[in-house]
Amino acid sequence: MRKAVFALFGALTVAVSHAGDLWPWASQAPQNPPKVQAFEIPTFDGGKRDFRAPATTWTKAPRIDGDAVFRMIVACYPSKSQWNIDVDLQAAVRNTSAVDVTGTQLGRNMIGIVARMPLYSATEVDREREREYRRRQDTAQTVADLATQLAARNQAVRVLALSGSMEQRAQVRVNQGIADTDEQIKWLDRVAGAEKDLITAESKAAEARLKLVSQCRDEASDTVNAYLTELSQLPTTAKP
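Keep in mind it's a predicted model, so treat the numbers as computed, not measured.

Draft legend 1. Quick peek at the state of the cysteines. Per the counting criterion, the structure on display carries one disulfide. The side chain of cysteine 76 participates in a disulfide bridge whose partner is cysteine 216; the two sulfur atoms lie 2.0 Å from each other. Measuring handedness by torsion sign, the sulfur bridge of cysteine 76 and cysteine 216 sits at about -45 degrees and is left-handed. On the criterion of sequence distance, the pair formed by cysteine 76 in the loop between α2 (66–75) and α3 (96–99) and cysteine 216 in the loop between α6 (181–214) and α7 (218–231) is long-range, its members being 140 residues apart. By relative accessible area, cysteine 76 is classed as buried at 4%.

Pasting the structure below:
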C-alpha cells in the first residue's frame, strides 16, 4: 500500500512538471511597472523656490518732490506762460505824416482809433489763461498719478514675493498629503493677482511719465525723460 502511494505521488510530480509548459503566461520574469509620479500642481511661474528662505524685502517707493517736478514741466512748455500778460498793452504808434495822405479830418480820426487798439483783448487773455490753467491742472494730476503708481508698483513687488513663498509652501504641503489642493490653488490665485497688479502699476507709471514728457518742447524732452526714468526705477536694495 505504501509503495502504491509513493508511486502515485511520483507520477503526479512528473505530470505537474510537464504541465508547466502548458501554463498560459511566459516563464520569464515580468517587467517592472513604470514609476508613476504623483500629480503635482505647478506654481504660477513654474519655478521652484525655497519657501524657508526670506522673501524679497519691501522696498519703499522713492519720494517724489511734486512741486519740483511740476515746475520742471511747466518750464519746458513749448509756449510762453500767459499769467503775466499786461492787458493794457497797446500799439502806441502814431505817424500821421506817413499815413494821412488825404489831409482830411477823417483820416486823422481813423489813425487815432488804430493807435489805441490793444495788442491783447481781455477776452483773448482770459481764454489763454483758462487754457493754461487746464494744462497746469492736468500736469499736477499726472505728477500725482506717477507717484501713486510707483508706490503701487513697489507694493505689488512685495506682495508677489510673499505670495510666491506661501504658494511654494502650499505645494510642499499638498505633495506630502498634509493639505488639500485648495490651499495651493488659493495662493496661486493670489500670486496671479499680484502679478497683474504689478503689470498694471508699471504700465500706468510709464503712461504718466510719457504724458509729462509729451508736454515738453523737443529740445528739453530727452533731459526730462531721462530724469523721470531714473526716478521711476525700482531700487535694488531696501532703504531703512
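What follows picks up the thread again.
Draft legend 2. Spotlight on the packing of α6 against α7. For the pair α6 and α7, the least separation of the axes is 9 Å and the interaxial angle reads 155 degrees. Relative to α7, α6 is oriented roughly antiparallel. Handedness of the crossing formed by α6 with α7: right-handed. Between α6, through Arg209, Leu212 and Val213, and α7, the contact on the second element is made entirely by Ser221, Val224, Asn225, Leu228 and Thr229. Considered class by class, the residues forming the contact of α6 with α7 number four nonpolar, three polar and one charged.

Here is what the cut-offs are and how they apply
Residues numbered from 1 in each chain as written. Predicted model: local features only at pLDDT ≥ 70, side-chain atom pairs only at ≥ 80, totals over all residues. Heavy atoms only, no water. Disulfide = S-S within 2.5 Å. Helix = DSSP H or I, 4+ residues; strand = E, 2+ residues; numbered from the N terminus. Buried < 20%, exposed > 50% of the residue type's maximum accessible area, 1.4 Å probe, protein only. Axes fitted to C-alpha atoms, helices over the stretch in contact; angles between N-to-C directions. Parallel < 35°, antiparallel > 145°, perpendicular 65-115°, else oblique. Left-handed = near helix turned anticlockwise from the far one by under 90°. Contact = heavy atoms within 4.5 Å. Nonpolar A, V, L, I, M, F, W, Y, C, P; charged D, E, K, R; others polar.

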